[in-house]
Amino acid sequence: MDKYDVIVIGAGHAGIEAALASSRMGCNTLMVTFKKNTIGLMSCNPAIGGIGKGQLVKEIDALGGEMAHATDSCGIQFRMLNASKGEAVQSLRAQVDRYRYQQYMQKIVENEDRLFIKEAEATKLIIDDTKVIGIVTDKNEAINSDTVIICPGTFLDGLIHVGLNHFSAGRINEPASFGLAQNLKELGFNLLRFKTGTCPRLDKKTIDFSKLIVQEADPSPCPFSFSTKEITQKQVPCHITYTNQNTHNIIKNNLNRSPLYAGIIKATGVRYCPSIEDKIVKFADKERHQIFLEPEGYETDEVYPNGLSTSLPEDVQLEMLHSIEGLKEVRVIRFGYGIEHTVVEPTQLYPTLETKLFRNLYLSGQINGTTGYEEAAAQGLVAGINAALRIKGKEPLILDRASSYIGVLIDDLTTKGTDEPYRMFTSRVEYRLILRQDNADLRLNKIGYDLGLITKEDYLKTQEKTEAIKRGINILRNTRLKPSLEFNRELERLKTKPIKKPVTIEELLKRPEITLVNLRSLDHLNLDIPEFAYQQIEIEVKYSGFIERQLREVGRFRNLEKIKLPQGLDYADISGLSREIKEKLNKLKPLNLGQASRISGVTPAAISILMVYLRKING
């Protein structure tokens, strides 16, 4: 094919979702990758989900992405994190078989109509004035395209560190990408350098599991995808051990051989997933640090010691491992390493993930300053959707902070930027009580269906669920229960106070001790509510006051989001704004007043001035 609608550079989590989305939306898409057999490779921990990240995966699924399906198919241990806490912060996480996951994704990509794969290195963008029209490969081959999405992971000018030794690579045993990094610099993008790392891989046969704490999967695993009925494959345990004072001393005594502390690594690392040497230095009061030993699959002896990310020399890594309970005789299959890579400052993007410098160019994943598979996949999906919408001549998809975790992720990056690798947490989300993982389908399925990424069957199931929730709440609101000796005894059995006057089931369900499952067990109550709607009904009833308050806050938020700012507006012409605010607004080009209000340093007074100015120019 001489020309494509979309070219996707990269075949990691971002690249896969971008390429699948654009091709499924009817666009001829080319995926460019160094090696076809590395599509879907999990560079670090073979796990999907986690605090805040589980919500992203659920939303990816609700919009029509692939990550949740792959995880449900390849997961070997599913656990609900924060299960004892409120639903707003509960997050699903799954350990997956990294080899099956890779095979699954490769098969999906290879079998997708309109999606083509090319083994090559993209070294340069072809520019026509301020528009991208294709790429040039390492073989000096020009490939034309209406849109380009760059999803390079850690490959842009990647530099791996093991102790005081370092070498160029995008991932262990894979080359870095220099040409594209240099080209982006020449094109005028402001570039940053970030650092991430990975753990050594251990030989399961040499681990003494009798000394370790067993961590089993949830007895009834919850799937990631709303279309997965149940998880049927065998679940395997993980194990827990801890570092100790001896471990810490070994690390302290060798900090002069750590590239991080010897000043060799200059890039900014991940604050919320620090290396073990960082933990020992920054949390010197801690007597031990928890290590999760996580299997990498059913048919491999590789074990991932989550919590031991390091770039220390190999001999120090081995000595450190041998000091830990259960690992006294462990053998290392592959040592851990740190990697520096190039990042494009994400404030140079619109919330569509299109760059402000060049039309039809989209960036997603670690190039935008994020860390994590889930953050990358979410961005890839949005970039792929928007590239396809550009081809179709339709309005772009912009998810805001009140609609999704994905909206918060992209808004944080494009309005606030990041000076360190960005990781999603529930704490970043203002409206997390209404943006829960359990209702992602109710929030986003219609968008995915309208885009052509969700099947009619799945969309109708979501509609059925929505109606069942409304009907169920109506039943609870209009069914009154009268006090009786028998009923009050049943309430006492449920460890809640008896009733003295008639109450609705809704009022009763608001009690913390009462659940819908409890009420269903009461003999004389016939709740005509399907079980798949129970969770949402219970949450809606128990947290109704808080939910209503958040919905009012969302209304105020959306009012600011509706007030558009002209893209050609020169803020230097607006009197009353400080020079600093004028410079920031001209640089970041917010699309609306809501985005402007979230730019660091833009004050409420400045927003008022902008509102007055807009009224004046709009008559």
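Residues numbered from 1 in each chain as written. Predicted model: local features only at pLDDT ≥ 70, side-chain atom pairs only at ≥ 80, totals over all residues. Heavy atoms only, no water.

Undergrad: Give me the side chain of Glu 375: which residues, what numbers.
TA: You can see Glu 375 is positioned in helix H9 (residues 373-392). Look at Glu 375 and you get buried, because its relative accessible area is 0%. At a separation of 2.9 Å, a polar atom in the side chain of Glu 375 contacts the main-chain amide nitrogen of Met 424. Excluding residues that lie within four positions of it along the chain, Glu 375 makes contacts with Lys 53, Leu 56, Thr 370, Leu 409, Arg 423 and Met 424. (Helix = DSSP H or I, 4+ residues; strand = E, 2+ residues; numbered from the N terminus. Buried < 20%, exposed > 50% of the residue type's maximum accessible area, 1.4 Å probe, protein only. Polar contact = N/O pair within 3.5 Å; in protein donor to acceptor, adjacent residues only side chain to side chain. Contact = heavy atoms within 4.5 Å.)

Undergrad: Outline the sheet that holds strand S4 (residues 75-81), supporting the account with residue identities and numerical values.
TA: Read across the sheet, three strands follow the order S3-S5-S4 without closing on themselves; strand pairing throughout is antiparallel. Two strands close off the open sheet at either side, each with one partner strand: strand S3 (47-49) and S4. Along the sheet, successive strands turn relative to each other by an average axial angle of 15 degrees, direction set aside. Here S3 runs beside strand S5 (residues 91-96); their pairing, made up of three bridges, is antiparallel. (Pairing = 2+ DSSP bridges. Axes fitted to C-alpha atoms, helices over the stretch in contact; angles between N-to-C directions.)

Undergrad: Before we move on, can you summarise the packing of aromatic side chains with the specific residues and values?
TA: Following the criterion strictly, the structure yields six aromatic pairs and no others. Look at Phe 189 and Phe 358: their rings are 6.0 Å apart centre to centre, the planes differ by 50 degrees, and that puts the pair in the tilted class. A residue pair is termed long-range when its members are at least 10 positions apart, and Phe 189 in the loop between helix H5 (179-186) and strand S12 (191-198) and Phe 358 in the loop between strand S19 (337-344) and strand S20 (361-363) qualify at 169 residues. Across this residue pair, the class does not change: Phe 189 and Phe 358 are buried. When the ring centre of Phe 226 is taken as origin, the NZ or CZ atom of Lys 58, which lies over that ring, is 4.7 Å away. If you follow Arg 98 out to its NZ or CZ, it ends over the ring of Tyr 99, 5.5 Å from the centre. (Phe/Tyr/Trp six-rings, centres within 6.5 Å; stacked < 30°, edge-to-face > 60°. Lys NZ or Arg CZ within 6 Å of the ring centre and 35° of its normal.)

By themselves, these observations are geometric and do not establish any function.
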